[in-house]
Amino acid sequence: GTGSLSVATGTASQGRGGDVIATVGGGTSGVGGAIALQAGLTTEATGGSVVLASGFGDQTSSGVIALLTANSGTAGGSGSIEIATGDSVSPAGAIQLQTGQSVSGSGGQITLQVGDGASGGHVLITAGESLENGGGVLVSAGHGSNADGGVGGAVMLMGGDGLGKDISMDQG
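A few points on the structure. (Residues numbered from 1 in each chain as written. Predicted model: local features only at pLDDT ≥ 70, side-chain atom pairs only at ≥ 80, totals over all residues. Heavy atoms only, no water.)

As for the overall build of the protein
Item 1. Per the secondary structure count, the protein includes zero helices and zero strands.
Item 2. Since a compact globule built from 172 residues should have a radius of gyration of about 16 Å, the 24 Å found for the protein marks it as more spread out than a globular shape.
Item 3. Along the first, second and third principal axes, the C-alpha atoms of the protein reach 70 × 60 × 50 Å.
Item 4. When each of the 172 residues of the protein is scored for burial, the buried share is 1%. (Helix = DSSP H or I, 4+ residues; strand = E, 2+ residues; numbered from the N terminus. Rg over C-alpha atoms; globule rule 2.2 N^0.38 Å. Buried < 20%, exposed > 50% of the residue type's maximum accessible area, 1.4 Å probe, protein only.)

Re the layout of surface pockets
Item 1. Space inside the largest pocket adds up to approximately 940 Å³.
Item 2. For the lining of the largest pocket, the residue count by class is 15 nonpolar, six polar and one charged.
Item 3. Quantified by volume, the second largest pocket comes out at close to 480 Å³.
Item 4. Taken together, I95, Q96, L97, I110, T111, L112, Q113, V114, H122, V123, L124 and I125 form the lining of the second largest pocket.
Item 5. Classifying every residue of the lining of the second largest pocket by side-chain character gives eight nonpolar, four polar and no charged. (1 Å grid on protein atoms, 1.4 Å probe; cavity = no way out; pocket = protein on both sides within 12 Å on 5 of 7 lines; lining within 4 Å. Points joined across faces, edges and corners; volume = space filled by probe spheres on them. Nonpolar A, V, L, I, M, F, W, Y, C, P; charged D, E, K, R; others polar.)

Remember that the coordinates give geometry; whether it matters functionally is a separate question.
Written out as structure tokens, the structure reads:
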């Protein structure tokens, strides 16, 4: 095979380890420069993986992974974040959002929230279409498994309030 390329900072016996920073320079015209990170392809086995992991904190919290786009300028919209798996002749890849378990506190929370605007944005959850059986949508609350009497979590669906100035015209 070909050789590997490793970019790393040294280990610090005291203090913090060094940073690795990849930055594209600014420009005055045209589209801004891109950073592409792509694993290798192969003809006889599974393609290469891309692993993005935060650092371990031996006596405190692990690091954060922040994935975000920049704010828009004076015109236009902010960039999108797209997470998708590829098409396949056998079962396509899955997308799994999962938080960790906690020994003494609560499990991590997952929040899906649309930003405010002149018109409210939508949250769309759609199962897959099939020539035979369409996919399902399952919403399930957590179990309460305390031996002395557990309480299962609730599932709540709430519509938005109409908060205009004319209460006779408000709908919600």
